[in-house]
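Examining the three-dimensional arrangement
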2 protein chains.
Amino acid sequence: MATISEMDKEFKDYLKEINAMREAVTLIQWDLRTKIPKKGVEQRSEVVGYLSQKIHQMQVSDKMKAFIDALKDNTEDEIIQKSVLECLDTYEKNRKIPEDEYREYVMLQSKSEAVWQEARNKADFSLFQPYLEKLVAYNIKFANYWGYKENIYDALLNNYEPGVTVKTLDEVFPKVRKSLSELLQKIQQSSVKPNTDLLTAHFPKQAQEAFSVEILNRMGYDFDAGRLDDTIHPFEITINLNDVRITTRYDEQDFRMAVFGIIHEAGHALYEQNIDKRLEGTPLASGTSMGIHESQSLFWENFLGRNNVFWESHYDVFKKYAPQHFAQVDLHDFYQAVNEVKPSLIRIEADELTYPLHIMIRYELEKALINGEIEVKDLPQLWNEKMVEYLGVEPPTDKEGVLQDIHWAGGDFGYFPSYALGYMYAAQFKDKMSESIQIDEVIKSGDFAPIRKWLTENIHQYGKMKKPLDILKDVTGEGLNPDYLINYLTSKYREIYKL
Amino acid sequence: MATISEMDKEFKDYLKEINAMREAVTLIQWDLRTKIPKKGVEQRSEVVGYLSQKIHQMQVSDKMKAFIDALKDNTEDEIIQKSVLECLDTYEKNRKIPEDEYREYVMLQSKSEAVWQEARNKADFSLFQPYLEKLVAYNIKFANYWGYKENIYDALLNNYEPGVTVKTLDEVFPKVRKSLSELLQKIQQSSVKPNTDLLTAHFPKQAQEAFSVEILNRMGYDFDAGRLDDTIHPFEITINLNDVRITTRYDEQDFRMAVFGIIHEAGHALYEQNIDKRLEGTPLASGTSMGIHESQSLFWENFLGRNNVFWESHYDVFKKYAPQHFAQVDLHDFYQAVNEVKPSLIRIEADELTYPLHIMIRYELEKALINGEIEVKDLPQLWNEKMVEYLGVEPPTDKEGVLQDIHWAGGDFGYFPSYALGYMYAAQFKDKMSESIQIDEVIKSGDFAPIRKWLTENIHQYGKMKKPLDILKDVTGEGLNPDYLINYLTSKYREIYKL
């Protein structure tokens, strides 16, 4: 019989094999979204299908089960121990779903995404409705297979933000909503009206990129362990811990898309680049949850990128790259404009204050769907009603309404709350950080290393060695607390809008 | 028991699995040579190792053997039949080498490449010598495992150019050498001295690329099934038949490197893009041999790119992109300069006339090594002696001599002749093509589609369905015949150098 240390070694090798295929698939995904010539896509998709199936097979194999059983309570290596738990979670989640249902679901997902694309283009929800009904039905089924304590939606939430429940969200979200709604109302009554027209001027792509790269270097994004490319839908992707790539999209009439987008994606990338390298090759070598990940991207995008001290100390840097137009734009007007609050229809174009309201609408609707309280066919109307109620705007068609996000088409229910959670976590982290770091001074200095180091020590390095709520507790000493975000937004926008 | 048609299907699926991993590895290789950030390389190399091992295992598995035995004489599908033969060849070649020797050899290869790199940088052959001795010893061993009829070197040659033997090369090469040496002597005595200085002017990378892309479009390189990137060492790579990428290196002081390099690589790429798509997923979906491949790249690079009719009809196109400097450069002087013949030390920088002489030196040395007629330690001296004898130039150090090529460091013995064979094939194909196509007229027209179509019909479409000498015979009606190349070079350079 093999000793535990021999087993440890064999298990690590098995994980490395899974990881090798994961790494290959991830590179293919990056390529599919950035470089591949269009005719090459069809055959490449088959390759992804084949390799993904191999990964799945290894994750649910009897061999995997044998490793888990042998090592779960016996290994003394902490990394292996946590890897076993991670594998066990994946193993159980997958084994609880009958194989034929899983296969049908995977096919449904890819078909649904294509149909959603068409439905969105045509602003015709009825095309998508039958697919969405099936997707919801499968998710209800799966949630029941996986099990839950209080609310069936918790089983789905657990896939993205383990530990967070409907109970928590239903306490926190209404509180946030109430504060933001009040704030929004005051803002709309304010006499301060930022002029965003002054932000639009022809700003060549290469100059936008050069400015962004300068900021990325100050943040500490390591270009020897990453790269920046163009794409349609920006993303961060971790091929391995020393190859963490980001992408962006340039609008030469509006620098905000690329500049804030790059800072956002670099926030994700810093997290991944600074995970302890000893975790490479294990399932622990990634950010611990969608929410914690989003806390990192939003931290940099909003708390740095939309911060007054940042622009006071970096407006000159910006002007070095920006078109002549900005020489005439006053810093104060500029700062106000990049922080304009204006209820709008599209989530990904929302300002930082109204953004959480978009999330809450989605959360409430998907929670109700999974709980069988509403029907898919009623979604467009319910969506529009909530938009009016929460934001005071109404989508002219479903394209700008219920059809705008890809998440449901991909079967991702329980994902949306992560965006708002990340924002709240970020505010909590920032408050804690300010106890040991003079954040404003660091930003002024132009070298953001102390901020990055604090985030690495407290969050990044652990990868999946810690669960999201454990990180939050270890760092801040408390659980999810929306007050920090509310206070941050209130104080920031009071000043901007002279409330 | 499975019927033959069921077996056909299962075999195809098995090949598709192998191909999926091959495709993933190939994309990784493209990325390693073009995009990867440097810190990501180490972990990615492990992934390549793992996936390559999986491919190897599937190629030599008992399951593969069972497919071969069942289908070899039974299948009625021609593609499957040829695939079986291809798999049988790979199976036998690999199975004949004991597993531990193969593993040691793979490790030796990668170690040797690193040592060669260092030896080359330091111009110190003694560092590389012990590795090269081992590589030669392994290749002798493997050649004996594989077997041969007349000369042990044939067993190695067979890996790159099946059907071609030492006997053939020893008939053909001396003849080529004699003619080229005589021609070279006359050229060196000629009063015509092309002035290559007039080719060097600052030519921005983007403009070089734009001109090259225009030529590629005229050649029919399909950018929807490929792309062009920067790299240090240019190459063509087939990820799948609809994703055939090329790369180049730009020298802004000398457009020749990129422009002729791109045409060369596009010649390889056209071959692969035009292989019958029914072969996708089988081991037949690639060029049939190194020699036939090189015939395609050299056809376009030399017979089109360095041709007088091409420059007469495209010098204006060139000048649209080229710097102002060329407005003053006379077409005739330009044409002479891009065809300057000048013996030099480095193979990859050689002109088209002296290039085959570089190949012959390598062929003679490696043939003698594998036959045990010379020793590795004597290589530097033998190399230099031959350089003086064949080309009249002597390398100042081994860096510009025996250490210049990576091939031997990678264990590639028997590869070099392909370069010269490809050149001879190309001349034979061109002669045949001229019977049905007015090549000069096509070039003048600016749309090279008739040439590409001829190559596709006669060569490209078959992939590995035909062996190299069968293609040659089917197209030209004869075997390898150096006269076409000799005649082409003689007539071209007589005119240029007024001999």
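Residues numbered from 1 in each chain as written. Chains lettered and ligands numbered in written order. Predicted model: local features only at pLDDT ≥ 70, side-chain atom pairs only at ≥ 80, totals over all residues. Heavy atoms only, no water.

As annotated in an unreviewed UniProt entry, chain A carries the name Metal-dependent carboxypeptidase and is attributed to Ornithinibacillus hominis. One UniProt comment on chain A, placed under Catalytic activity (unreviewed entry), says "Release of a C-terminal amino acid with broad specificity, except for -Pro." Per UniProt, chain A carries the Function (unreviewed entry) text "Broad specificity carboxypetidase that releases amino acids sequentially from the C-terminus, including neutral, aromatic, polar and basic residues." (UniProt positions renumbered as here; feature names shortened; annotations may be inferred.)

Considerations on the relation of the copies chain B and chain A
For the match of chain B to chain A, the screw axis carries a shift of 0.0 Å, the RMSD comes to 0.1 Å, and the turn is 179°. Taken together, the turn and the small shift mark the pair as related by a two-fold rotation axis. No C-alpha of chain B lies nearer the rotation axis than that of Ala 24 of chain B, which sits 3.0 Å from it. Counting the interface residues of chain B, we find that 100% of their copies in chain A are interface residues as well, pointing to one common contact surface. (Least-squares fit on C-alpha atoms with pLDDT ≥ 70 in both. Contact = heavy atoms within 4.5 Å.)

Some details on unusual backbone geometry
Residue and element names in this part refer to chain B. With a phi close to 50°, Ala 123 is a non-glycine residue in the positive phi region. Since its relative accessible area comes to 29%, Ala 123 is described here as partly exposed. With a phi angle near 50°, Lys 498 is a residue other than glycine that sits in the positive phi range. Residue Lys 498 is classed as exposed on the basis of its relative accessible area of 61%. (Buried < 20%, exposed > 50% of the residue type's maximum accessible area, 1.4 Å probe, protein only.)

Describing the UniProt feature "binding site: Zn(2+)" (unreviewed entry) in chain A
Residue and element names in this part refer to chain A. Per the UniProt record, the feature "binding site: Zn(2+)" (unreviewed entry) sits at His 264, His 268 and Glu 294. Spanning 31 residues, the named residues form one tight spatial group whose C-alpha atoms are at most 8.8 Å apart. Residue position: His 264 is located in helix 10 (residues 256-273). His 264 gets classed as buried once you look at its relative accessible area, which sits at 12%. Excluding its chain neighbours within four sequence positions, the residues that come into contact with His 264 are Glu 294, Ser 297, Leu 298 and Glu 301. (Helix = DSSP H or I, 4+ residues; strand = E, 2+ residues; numbered from the N terminus.)

A word on the sheet that holds strand 3 (residues 243-248) of chain B
Residue and element names in this part refer to chain B. An order of 1-3-2 is seen for the 3 strands of this open sheet, with the pairing classed as mixed. One side of each edge strand has no neighbouring strand; the edge strands of this open sheet are strand 1 (228-230) and strand 2 (236-240). Each adjacent strand pair in this sheet contributes to an overall mean axis angle of 30°, direction not counted. Each of strand 1, strand 2 and strand 3 touches helix 10 (residues 256-273); the most contacted strand, strand 3, lies at about 165° to it. (Pairing = 2+ DSSP bridges. Axes fitted to C-alpha atoms, helices over the stretch in contact; angles between N-to-C directions.)

A short note on the UniProt feature "active site" (unreviewed entry) in chain A
All names here are of chain A. When the UniProt feature table is mapped onto this chain numbering, "active site" (unreviewed entry) sits at Glu 265. With respect to the element layout, Glu 265 can be found in helix 10. Sequence-distant contacts of Glu 265, defined by excluding residues within four places in its chain, comprise Pro 234, Phe 235, Glu 236, Ile 246 and Thr 247.

Here's the deal with the pattern of salt bridges
Overall, the coordinates contain 69 salt bridges over all chains when judged by the stated rule. In this structure, Asp 378 of chain B and Lys 377 of chain B form a salt bridge, with 3.3 Å as the shortest nitrogen-oxygen distance. Linking Glu 441 of chain B and Lys 444 of chain B is a salt bridge whose minimum nitrogen-to-oxygen distance equals 3.4 Å. Placement of both Glu 441 of chain B and Lys 444 of chain B in helix 17 (residues 439-445) is noted, with a separation of 3 residues, approximately one turn of the helix. Ionic contacts of the salt-bridge type, sharing partners, join the residues Glu 23, Asp 243 and Arg 245 of chain A together with Asp 31 and Arg 44 of chain B into one network. (Salt bridge = Lys/Arg side-chain N within 4 Å of Asp/Glu carboxyl O.)

Some words on the side chain of His 358 of chain A
Note that His 358 of chain A resides in helix 14 (residues 355-370). Ignoring sequence-local partners within four residues, the contact set of His 358 of chain A consists of Ser 344, Leu 345, Ile 346, Arg 347, Ala 350, Met 387 and Leu 391 of chain A.

Let's talk about the nonpolar core
Grouped together as the largest cluster of nonpolar side chains are 132 residues, with contacts concentrated most on Phe 255, Trp 300, Trp 311, Phe 318, Phe 326 and Phe 334 of chain A. Ignoring any residue separated from it by four or fewer positions in sequence, one finds Phe 318 of chain A in contact with Phe 203, Phe 211, Phe 255, Trp 311, Phe 326 and Phe 334 of chain A. Core analysis: the second largest hydrophobic core is formed by 131 residues, Tyr 423, Ala 427, Ile 437 and Tyr 488 of chain B among them. (Core = buried A, V, L, I, M, F, W, Y, C linked by side-chain atoms within 4.5 Å.)

Re the interface of chain B and chain A
Taken together, the contact between chain B and chain A spans 36 residues of the former and 36 residues of the latter. For the pair chain B and chain A, the summed buried area comes to about 2,900 Å², and 56% of that belongs to carbon and sulfur atoms. The three residues of chain B that bury the most area against chain A are Lys 39, Tyr 50 and Asp 224 of chain B, which together make up 19% of that side's buried surface. Along the contact surface separating chain B from chain A lie 11 salt bridges. A salt bridge links Asp 31 of chain A to Arg 245 of chain B, with the nearest nitrogen and oxygen atoms 2.7 Å apart. Counting every contact that joins chain B to chain A gives 22 residue pairs in polar contact (both at pLDDT 80 or more). (Buried area = accessible area lost by both parts, 1.4 Å probe. Polar contact = N/O pair within 3.5 Å; in protein donor to acceptor, adjacent residues only side chain to side chain.)

Considering the environment of Ile 140 of chain A
Locating Ile 140 of chain A in the fold gives a position in helix 6 (residues 125-146). The residues contacting Ile 140 of chain A, other than those within four sequence positions of it, are Ile 152, Leu 369 and Ile 370 of chain A.

Quick notes on helix 8 (residues 166-189) of chain B
Residue and element names in this part refer to chain B. Look at helix 8: 34 Å from first C-alpha to last across 24 residues, which is about the 34 Å you get at 1.5 Å a residue. Within helix 8, burial applies to Val 166, Leu 169, Val 172, Phe 173, Val 176, Leu 180, Leu 183, Leu 184 and Ile 187. Buried residues in helix 8 make contact with helix 7 (152-160), helix 14 (355-370), helix 15 (379-391), helix 16 (417-436) and helix 20 (483-496). (Expected span 1.5 Å × (residues − 1).)

Points about the domain arrangement of chain A
Residue and element names in this part refer to chain A. Here chain A is partitioned into domain 1 (4-95) and domain 2 (125-499). Measuring from the centre of the C-alpha atoms in domain 1 to the corresponding centre in domain 2 gives 28 Å. Taking both partners together, domain 1 and domain 2 bury about 1,900 Å²; carbon and sulfur atoms supply 59% of that area. Summed over the three residues of domain 1 that lose the most area to domain 2, namely Trp 30, Ile 79 and Lys 93, the buried surface amounts to 33% of that side. (Domains from an automatic or database assignment.)

Some remarks on the sheet that holds strand 1 (residues 228-230) of chain A
Residues and elements named next belong to chain A. Here 3 strands make up an open sheet; going across it, the order is 1-3-2 and the pairing mixed. Taken across any chain shown, the strands that pair with only one partner, and hence form the sheet edges, are strand 1 and strand 2 (236-240). Strand-to-strand twist across the sheet, computed as the mean angle between neighbouring axes with direction ignored, equals 30°. Relative to strand 3 (residues 243-248), strand 1 is paired through 3 bridges, and the arrangement is parallel. Pairing of Asp 229 across the sheet is with Thr 247, part of strand 3. Set on the sheet, helix 1 (residues 4-34) makes contact with strand 1, strand 2 and strand 3; between it and strand 2 the angle comes to about 145°.

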